[in-house]
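Notes for the structure review
Each chain, written out:
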Amino acid sequence: MVKDFIRPILDIFGKSPFGPIYEHALKGKETVYALKKVVDAWCKGDMESVVKLAEEVSKLEHEADIIKQKVRERLHAAVLLPVDRNDALEFLKPQDSIADSAERAAELISIKEDVILTETLKKQFREMMNKTIECIDIYDALVSEIKDLLDSSFSKKVVMRTVEIVPKIEELEHEVDIIELEMLKEIYKSEKELGATNVFHLYHIIITLADVSDNTARAADRLRTMIYRPM
Amino acid sequence: MELAEPLILFTLIAGLYMAWNIGANDLANAMGTSVGSKALTIKQVIILAGILEFSGAVFFGKRVTTTIAKGIIPIELIDQHLITIGALSAILVAGVWITVATFYKLPVSTTHSIVGAVLGFGLGLVFKGSLSLSSIKWFVLLKIVASWILSPITGGISAFLIFYLIRKYILETAENVKKVERIFGYLQIASASYVAFAHGSNDVANAVGPVSAALGLFGAEIPRWLLAIGGIGIVIGLATWGHRVIETVGERITTLTPTRGFSAEFGTASTVLVCSSLGLPISTTHTLVGAVVGVGLAGGIEAVDLSVIRKIIYSWVVTVPATALGSLLLYIIFEAVI
């Protein structure tokens, strides 16, 4: 009733996309944490849990998609933001891929029951997963700076403080790459023990797991592009 | 000048309805921008805005009221009876248009409505042969329309500059942004008061301009008591209905922090006050919208929805012909029957 008699001129205030952007980042982080549980169960050989936990990852990825839709809606063509709208859209894509690749990795792990894992590989998988978690934790810290950036209207100090976080993520991503390469060498070295099918299967899992931190670093880079401006 | 005459009484009542509407919606919308900071409660905002709106109307409202009353139509050339029914038609049509348009969520302006309606009355006079088409002060009308386009732009530019300076010299160097915002929460009390004062000085005319014409005051100055009646009407609107509007607006604009709100309000009020001193009736709300866009362009607001601008342009392009036509027709009917 009241709303019927309010002239909607102040509709000029759009809905901010930044709240849901952070929410989306957190959901991505949750998905990666859920993936870690999958990898842990897998290394213990508990396939029953793997299947269940992989479903959980899938559910979280779906929730991330719903938040992404909300962000997209708020980044409509008529919105004026303190950052470039295209930069924001270009940033959203890799951030969404974090959950996507985590889901893909969990799926791949869950589809083959009789996988053979050497002790070295188990150790490497855990190591890779821990690095990925470290990476996503710092990413969370990076994205949570958006609030301060908005509050200070992108003051130089806060922009610099934020931008400085990005290389830490890139460093961790690089470390994951090194582990990835070692793991690939390891599966080819153990080809006789593993068999061709397992090599093929593990190859894809390793590549996809590495994608998680890859996408995280890409999103961090895109965030830097979005907020950085010469002053 | 016979207050007891039914026609004049009707015009006065219609004028009070306009005033009520202006207070309930326009003023409340503008005040809604300052409750987000929580420096003032809604009750305090209403009291403060009421006092300043009233002062603006009484002490600064004369020029715009004169423009509405006799700046567009040379009423000194017309028989007083015709002026009274014309003023009544204009104010009734403007009031009804605003109520209907508000219901249909059109972001209309009371100023545009009343100017269109006054023009319609003039055209009615022309239609009935009481006035020549060239006697309508088209140049004044042109200036008014130009001010409608310029005022949101000026509001936008000034708000942009104010926020740019705040950003560069305060936010950029501040150790604690939250503290800055807290201080600006208090400064916003001043800028909100400034908006209310400027609003009163410009918008009271929408309610009392036609009334003063109906009263036959074309020779004299617009009397203070009439402006005071308009001011009281606006304040009543704010007090009886405005608080709900303020609340609704306040909930929606959580992203307008005090530094941003201050910039938008200061830019708006300065623009409106300059227009008031030039006797130009403009829309405070449209100026405020321009100011918000200005702050947005300076990187101050998380999301500004520019699609509203198209709606605003659309509704003002519709408002002037609609109220002009309505008031023209009503005038012809009234002239035949009263």
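Quick note: structure is the one above.
The following paragraphs examine the structure supplied in this document. Quantities reported herein were computed from a predicted structural model and do not represent experimental measurements.

**Considerations on helix H4 (residues 119-151) of chain A**
Here H4(A) is 33 residues long and its end C-alpha atoms lie 50 Å apart, about the 48 Å a rise of 1.5 Å per residue gives. Among the residues trailing H4(A), Ser153(A) stands out with phi positive, at a value near 50°.

**Some thoughts on the environment of Ala207(B)**
Turning to its location among the elements, Ala207(B) is positioned in helix H7 (residues 177-214). Ignoring sequence-local partners within four residues, the contact set of Ala207(B) consists of Gly15(B), Met18(B), Ala19(B), Ile22(B) and Ile91(B).

**A word on the packing of aromatic side chains**
Residue and element names in this part refer to chain B. This model, assessed by the stated rule, comprises eleven aromatic pairs over all chains. Ring centres of Phe121 and Tyr331 lie 5.6 Å apart, and the angle between their planes is 55°; on these two criteria the pair is classed as tilted. Separated by 210 residues along the polypeptide, Phe121 in helix H5 (residues 110-127) and Tyr331 in helix H11 (residues 307-337) bring together distant segments of the chain. Ring plane angle 75° and centroid distance 5.3 Å describe the contact between Phe184 and Phe262, whose orientation is recorded as edge-to-face. On the criterion of sequence distance, the pair formed by Phe184 in helix H7 and Phe262 in helix H9 (residues 258-277) is long-range, its members being 78 residues apart. In this structure, Phe184 and Phe262 share a single accessibility class: buried. The structure contains a cluster of three or more aromatic residues connected by ring pairs, namely Phe184, Tyr194, Phe262 and Phe266.

**Description of the side chain of Asp305(B)**
Relative to the helices and strands, Asp305(B) is located in strand S1 (residues 304-305). With no salt bridge to any partner, buried Asp305(B) finds its closest opposite charge in Lys311(B), at an N-O distance of 7.0 Å. Here the side chain of Asp305(B) touches Ser307(B) through a polar contact of 2.6 Å, side chain to side chain. Contacts of Asp305(B), omitting those with residues within four sequence positions, involve Asp11(A), Ile12(A), Phe13(A), Gly14(A), His76(A) and Ala78(A).

**Here's the deal with the interface of chain B and chain A**
Often, the extent of an interface is quoted as the loss of accessible area upon association of its parts. The interface of chain B with chain A comprises 55 residues on the first partner and 32 residues on the second. Together, the buried faces of chain B and chain A total about 3900 Å²; carbon and sulfur atoms form 60% of this surface. The three residues of chain B that bury the most area against chain A are Glu172(B), Arg252(B) and Glu302(B), which together make up 16% of that side's buried surface. At the boundary of chain B and chain A, one finds zero salt bridges. Seen at the junction of chain B and chain A, the total is eleven residue pairs in polar contact (both at pLDDT 80 or more). Elements represented by at least two residues in the side of chain B that touches chain A include exactly helix H1 (6-32), helix H4 (80-103), helix H6 (138-171), H7, helix H8 (224-252), helix H10 (284-297), S1 and H11 of chain B. No other element matches H10(B), which puts eight residues into the side of chain B that touches chain A. In terms of residue class, the side of chain B that touches chain A is built from 27 nonpolar, 16 polar and twelve charged.

Rules of the game
- Along each chain, numbering runs from 1 in the same order as the chain's sequence is written.
- Chains carry letters and ligands carry numbers; both start at the beginning, A for chains and 1 for ligands, and go up in the order they are written.
- Only residues with pLDDT of 70 or above have their local features reported here, since the model is predicted, and side-chain atom pairs are shown and tallied only from 80 upward, although totals for entire chains, interfaces and linings are computed over all residues.
- Water and hydrogen atoms were dropped before computing side-chain values, which therefore reflect all heavy atoms in the structure.
- Counting from the N terminus, the helices are DSSP H or I runs at least four residues long and the strands are E runs at least two residues long.
- An expected span of 1.5 Å times one less than the residue number is assigned to each helix.
- What makes two residues a contact is simply this: any of their non-hydrogen atoms within 4.5 Å.
- The rule is short: rings of Phe, Tyr and Trp, with Trp giving its six-membered ring, pair when the centres are within 6.5 Å, and they are stacked under 30 degrees, edge-to-face over 60, tilted in between.
- Buried residues are those whose accessible area, probed at 1.4 Å on protein chains only, stays under 20% of the maximum for their type, while exposed residues exceed 50% and partly exposed ones sit between those limits.
- By the counting rule applied here, Lys and Arg register as positive and Asp and Glu as negative, while His and the ends of each chain are not counted.
- Here, a salt bridge means any side-chain nitrogen of Lys or Arg that lies within 4 Å of a carboxyl oxygen of Asp or Glu.
- Polar contacts here mean pairs of N or O atoms no more than 3.5 Å apart (in protein, one a potential hydrogen donor and the other a potential acceptor; neighbouring residues in sequence count only if both atoms are side-chain atoms).
- Note on terms: buried area is the combined drop in 1.4 Å-probe accessible area of two parts once they are placed together, counting the loss on both.
- Under the grouping applied here, Gly and all other residues not named as nonpolar or charged are polar, the nonpolar ones being Ala, Val, Leu, Ile, Met, Phe, Trp, Tyr, Cys and Pro and the charged ones Asp, Glu, Lys and Arg.

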